[in-house]
Amino acid sequence: MTPQRVPLLASLVVLLAAACTTATDHDGAAPTTAPAPGATAATTPATTPAASTSGAPVEGSWRATYGWAVPATPARVNHEVRVPVTPAPGEPLPVLVEVRVGDHPAEGFSRITFAFRGPTPSYQVGYVPQVVTEGRGAPVELPGTAWLSVRFEPAQAHDARGAGTADVPPSRIGYPTLRGWAAAGDFEGHLSFGLGLRPPGGETLPVRLGESTRPDGTHVVAVDVRRG
């Protein structure tokens with residue numbers, strides 16, 4: 001090997017490494033999204049009851065807290081949170097710091113994650129006829145033909161001055177069945193979101209819930225939706 005070839009080979013190694021890297025992190029969600037074609041059929045929420053589970057996440061791992069099923073009755077995961085979570089003038093509740101979305105075609109699902117500073121709040125996810133705002137009950141505009149309500153408590157997404165605390169992606173996601181998301185309220189310790197779905201063939205899509213803890217101590221809750 002001549003000295004002139006070493007820089008060229010090093011450049012090739014760097015390019016190959018970059019080609020094998022994706023924007024998806026260990027939470028299975030990415031900061032940015034790429035629109036994907038969607039189905040157009042409507043769906044009717046099923047009536048299969050959902051089970052409730054509880055427990056704390058293990059640092060550095062991901063675990064399912066609700067297996068693939070249809071949460072017509074809201075699936076609830078309970079966590080004990082002692083308020084205030086930090087002494088004054090610290091934050092009294094778990095604080096949302098990030099929302100991410102990611103698509104997983106090979107595994108057959110799309111994911112949205114909610115990351116919190118502080119302990120993991122309790123949460124519930126279920127199909128609803130319409131997502132409405134906390135407190136006022138105003139309709140929340142979402143794309144798709146079926147809707148999931150995602151609620152956290154106790155939790156907040158604002159600081160002491162009322163400013164938002166979370167980095168968020170665009171509201172229009174554009175994955176095959178997970179089409180969009182929207183905030184639905186941040187009121188008296190109740191933090192709500194809506195997910196807009198477009199299931200194919202009139203089906204009701206099963207979902208999965210999971211948790212993880214990042215190396216920096218941030219707690220992440222994931223909502224997975226089947227792609228078809």
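Refer to the structure printed above.
In what follows, the accompanying structure is described.

Analysis parameters
- Residues numbered from 1 in each chain as written.
- Predicted model: local features only at pLDDT ≥ 70, side-chain atom pairs only at ≥ 80, totals over all residues.
- Heavy atoms only, no water.
- Salt bridge = Lys/Arg side-chain N within 4 Å of Asp/Glu carboxyl O.
- Helix = DSSP H or I, 4+ residues; strand = E, 2+ residues; numbered from the N terminus.
- Buried < 20%, exposed > 50% of the residue type's maximum accessible area, 1.4 Å probe, protein only.
- Polar contact = N/O pair within 3.5 Å; in protein donor to acceptor, adjacent residues only side chain to side chain.
- Pairing = 2+ DSSP bridges.
- Axes fitted to C-alpha atoms, helices over the stretch in contact; angles between N-to-C directions.
- Contact = heavy atoms within 4.5 Å.
- Phe/Tyr/Trp six-rings, centres within 6.5 Å; stacked < 30°, edge-to-face > 60°.
- Lys NZ or Arg CZ within 6 Å of the ring centre and 35° of its normal.

Looking now at the pattern of salt bridges. This model, assessed by the stated rule, comprises 11 salt bridges. A salt bridge links R117 to E91, with the nearest nitrogen and oxygen atoms 2.4 Å apart. One end of the pair, R117, is in strand β5 (residues 109-117); the other, E91, is in the loop between β3 (75-78) and β4 (95-104), and 26 residues separate them in sequence. Exposure remark for R117: the relative accessible area of 40% places this residue in the partly exposed category. The shortest N-O distance in the salt bridge between E134 and R151 comes to 2.8 Å. With E134 in the loop between β6 (122-128) and β7 (146-153) and R151 in strand β7, the pair connects residues that are 17 residues apart, well separated along the chain. For R151, a relative accessible area of 25% corresponds to the partly exposed category.

Relative to the assigned elements, T213 resides in strand β10 (residues 207-213). At a separation of 3.1 Å, a polar atom in the side chain of T213 contacts the side chain of H219.

Before going further, it helps to spend a moment on unusual backbone geometry. For the bond running from A88 to P89, omega is 5°, close enough to zero to count as cis. Relative to the elements of secondary structure, P89 occurs in the loop between β3 and β4. Residue P154 is reached from E153 by a cis peptide bond, and omega for that bond is -10°. Within the secondary structure, P154 sits in the loop between β7 and β8 (178-187). The phi dihedral of E188 is positive, around 50°, even though this residue is not glycine. Along the chain, E188 turns up in the loop between β8 and β9 (190-197).

In spatial order, the strands read β2-β10-β11-β5-β4; together these 5 strands make up an open sheet with antiparallel pairing. The open sheet is flanked by β2 (62-69) and β4, the only strands paired with a single partner. If you compare each strand with its neighbour and ignore which way they point, the axes differ by 15° on average. Two elements, β2 and β10, share 5 bridges in a ladder whose sense is antiparallel. Looking across to β10, one finds that A69 is bridged to V207.

We now examine the side chain of S149. Mapped onto the fold, S149 is located in strand β7. Overall, S149 belongs to the buried group, its relative accessible area being 17%. Sequence-distant contacts of S149, defined by excluding residues within four places in its chain, comprise Q124, V125, G126, V128 and F193.

Another aspect to go through is the pairing of β10. Counting buried positions along β10 yields 7 of 7 residues, so the element is predominantly enclosed. Burial of β10 is two-sided: the residues V207, L209, E211 and T213 facing one way and the residues R208, G210 and S212 facing the other way are all buried. As consecutive antiparallel partners, β10 and strand β11 (residues 219-226) are separated by 5 residues, and within that stretch G217 has a phi angle of approximately 90°, a positive value.

Let us look at the packing of aromatic side chains. All chains considered together, the criterion is met by 7 aromatic pairs. Judged by centre distance (6.3 Å) and plane angle (75°), the ring pair of F152 and F193 falls under edge-to-face. Taken together, the residues span a long stretch of sequence, with F152 in strand β7 and F193 in strand β9 at a distance of 41 residues. Taking the relative accessible area as the measure of exposure, F193 reaches 4% and is therefore buried. Clustering of aromatic rings is evident, with ring pairs tying together F114, F116, Y123, F152, W181 and F193. A cation over a ring is seen here: R208 above F109, with NZ or CZ 5.0 Å from the ring centre. Across the ring face of W68, the terminal group of R226 is positioned such that the distance to the ring centre comes to 3.9 Å.

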